[in-house]
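Coordinates in review
One-letter residues, chain by chain:
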Amino acid sequence: MSLQSGLEAFQQGRYQEAVEILERFSRNCVDHDSSDYLSAQMWLMKAYQATEQTEKAKLLCQKLMASENPKVRQWAETASQSLSQPVNQPSTMQKAGRAATAGVKVTMGGVGGSLALASGVTMTLLFGMVLVLGLSLVLIVGSDNPLQGLAIAIVFTLVFNTAAFFLSPFLMDLTQGWLYKTRWVELAEIQRFSPETAKVIRQVCQEKNLKAPRLGIINDQNPTAFTYGSLPNSARLVVSQGLFTYLDDDEIATVYAHELGHIVHWDFAVMTVASTLVQICYLIYITARRLGRGGGDNKIKDAMQTAGFVAYVFYVLGTYLLLYLSRTREYFADHFAAETTGNPNGLSRALVKIAYGILEEGARSPEPSRLIEGTRALGIYDHKAASSTGTAYRVASDTQKIGRVFLWDMFNPWGWWMELNSTHPLTGKRVRALSTYAEQLGLPTEFDMGKVIGEGKTLNKNKLYGNFLLDIVLYGAETIGFVGGFIIGFILLSSSANAGLLLGAPLIGLGLGILVKALVMFPDYQQATATDILTLMSDPYASPLRGQPAKLAGQLIGRGDAGYKFGSDLKIQDRSGMLYLHYASRFGPIGNFLFGMKRVQSLIGEQVGAVGWFRRGVAPWMDLIQIQSENGTIVNSYHRFWSFILGGGSIILGLVLMMFLSST
């Protein structure tokens with residue numbers, strides 16, 4: 001039996017057969033220092049783990065940790081961290097198949113829009129924004145020659161962006177090395193972890209006439225992957241060690257193919273330039289705002305203030321254009337991976353298992369991962385969306401339970417609204433697109449999205465959409481109240497000499513907005529029902545505005561703030577999943593800090609009962625009301641209290657200002 005036969009058996013889920021083949025190959029191999037023997041031992045350890053032969057896996061891992069090969073030692077040290085946890089999907093969950101041959105074309109059917117159009121429109125508008133703002137600043141200075149000012153503005157824009165374009169990858173290299181200790185490796189090492197991945201990299205580079213990207217590995221068990229660079233032939237493709245821990249070989253290959261899709265489409269280059277342009281808009285806004293506050297010619301100050309306002313508007317618009325482009329490129333990279341590997345089901349599984357891996361690692365760590373937080377925009381998966389999908393995967397014995405959490409992504413109007421602020425499409429939408437590619441290839445789908453769509457069509461449309469427009473208004477009630485109050489105050493000022501109207505009326509409107517929103521966000525919690533996290537996350541009607549009173553029983557497993565040792569937010573885990581708990585002290589930010597510094601650490605590890613308002617956005621969470629532990633410790637949280645204090649205080653302050661200024 002050959003090494004390749006053992007790897008193929010493992011990749012196809014025939015783990016016991018893989019054990020037998022790899023054991024036989026290892027016994028017959030004479031050179032125990034050869035790369036084939038070491039690869040067989042590494043895969044044998046994973047096969048032992050997959051067949052729940054934990055003791056054999058541990059013994060073999062210890063042997064590999066003593067290897068003279070430093071790369072094998074490092075791999076074994078990392079793999080040892082996962083030996084106490086299952087890394088494969090539930091044994092009762094069967095994998096859907098893949099195409100017999102790779103490279104078969106599948107149509108996107110309108111999914112994701114047009115990448116070329118999105119890139120072109122985004123880049124054109126952003127270049128236009130920077131050019132107009134750069135020109136305005138040059139001319140405001142008082143150039144005697146407008147044409148010269150135009151030339152300076154164009155040269156400045158081109159030089160700055162060209163420098164940023166070519167230097168950004170090297171700056172990223174330094175940042176990655178400093179923050180995450182990225183280790184650059186050869187393709188041969190990737191092949192030991194995932195043979196199919198090496199084939200995919202060679203295939204794509206040969207077909208697209210590309211130089212192989214620089215390959216990096218970060219020693220972190222949170223599964224993620226990302227790419228960056230300036231030109232396709234100088235691209236960097238970096239993954240975390242967790243990708244090899246939680247995903248099978250064919251799934252790893254689809255993730256690499258996805259990232260190669262970004263390189264082939266020049267996505268990272270477009271995003272690098274577009275991101276730079278957005279930041280230039282913000283820098284111009286800051287500069288113009290500062291100059292507008294200085295002394296001197298009032299006309300110049302007014303012009304600077306106008307330029308600053310326009311720059312800020314361009315910055316906001318540019319940010320949303322950038323987010324739209326980012327979401328579009330993810331769809332096209334998924335499509336590229338599906339065509340290249342002929343395995344859209346593998347990428348669907350990979351996305352779900354990445355969510356599961358992020359959830360599992362989050363449960364083991366007292367603090368969220370800086371890697372996952374810091375690479376959110378670059379990574380293949382938005383970690384904030386991991387809770388619901390990862391929770392379902394953890395406990396599901398069939399794909400239907402996982403599919404139910406996608407109902408919110410597919411049908412809840414808040415999903416569309418929240419997605420506007422996300423760098424990635426919602427997971428349900430990506431899995432739906434991948435399922436259509438599988439159907440085109442004549443394959444059974446990993447997740448029966450047709451059934452999910454069918455269930456979605458039976459949802460109560462009035463409950464989903466009936467109050468959505470009103471809820472959008474209520475979601476911005478503070479801003480609407482403030483602006484409305486200012487307009488009313490300005491109108492009343494025309495018939496009154498009370499200058500306090502311009503100050504007091506906006507504050508009264510702000511306070512009323514806060515109070516109205518609070519009444520909607522924080523309903524009566526006395527009737528809160530006991531439930532679990534998966535049930536909450538499977539609710540297609542959940543909202544980020546209208547809180548759902550609920551009781552949870554579970555263990556506090558860590559803080560909710562990435563990299564913040566004194567964070568006051570917590571993570572709770574029950575038998576079905578993990579959820580973030582948002583705490584609010586009666587004493588405001590100072591109280592939050594003191595709670596995070598003095599109390600949180602003593603609560604971690606406690607079995608507790610938590611009462612709060614569940615909310616669902618891109619990331620689900622619960623606004624805490626109370627935590628009660630088994631030893632009698634009670635923690636009270638005051639979200640509603642502060643809403644009433646701020647709302648009422650704003651109204652009182654507005655009335656006082658109006659009364660005081662009317663008497664002077």
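Residues numbered from 1 in each chain as written. Predicted model: local features only at pLDDT ≥ 70, side-chain atom pairs only at ≥ 80, totals over all residues. Heavy atoms only, no water.

This part is about the overall build of the protein chain. Within the protein chain, the secondary structure is distributed over 29 helices and eleven strands. Evaluated residue by residue, the protein chain yields a buried proportion of 54% over its 664 residues. Long-range contacts, defined as pairs at least 24 residues apart, comprise 72% of the intrachain contacts of the protein chain with a sequence gap of at least 6. Accessible surface computed for the protein chain: about 29200 Å², of which carbon and sulfur atoms make up 61%. (Helix = DSSP H or I, 4+ residues; strand = E, 2+ residues; numbered from the N terminus. Buried < 20%, exposed > 50% of the residue type's maximum accessible area, 1.4 Å probe, protein only. Contact = heavy atoms within 4.5 Å. Areas by Shrake-Rupley, 256 points an atom, 1.4 Å probe, with all protein chains shown as cover.)

Turning next to the sheet that holds strand 1 (residues 183–185). In space, the four strands of this open sheet follow the order 1-2-4-3, with mixed pairing throughout. Two strands close off the open sheet at either side, each with one partner strand: strand 1 and strand 3 (225–228). Going from strand to strand, the sheet's axes swing by 30 degrees on average, the running direction of each strand aside. Sheet topology places strand 2 (residues 214–218) next to strand 4 (residues 236–240); five bridges connect them, and they run parallel. Each residue of the ladder has a partner; that of Arg214, found in strand 4, is Arg236. Set on the sheet, helix 11 (residues 249–264) makes contact with strand 2, strand 3 and strand 4; between it and strand 3 the angle comes to about 20 degrees. (Pairing = 2+ DSSP bridges. Axes fitted to C-alpha atoms, helices over the stretch in contact; angles between N-to-C directions.)

All right, on to a nonpolar patch on the surface then. Where nonpolar side chains cluster on the molecular surface, the patch consists of Phe482, Val483, Phe486, Ile487, Phe490 and Ile491 and spans about 580 Å² of accessible area. Locating Phe490 in the fold gives a position in helix 24 (residues 477–493). (Patch = residues over 30% accessible without salt bridge, like charges linked within 9 Å, V, L, I, M, F, W, Y side chains within 5 Å. Salt bridge = Lys/Arg side-chain N within 4 Å of Asp/Glu carboxyl O.)

So, on to the side chain of Thr182. By the element assignment, Thr182 lies in the loop between helix 7 (146–180) and strand 1. Aside from chain neighbours lying at most four places away, what touches Thr182 is Gln176, Gly177, Gly216, Ile217, Ile218 and Val238.

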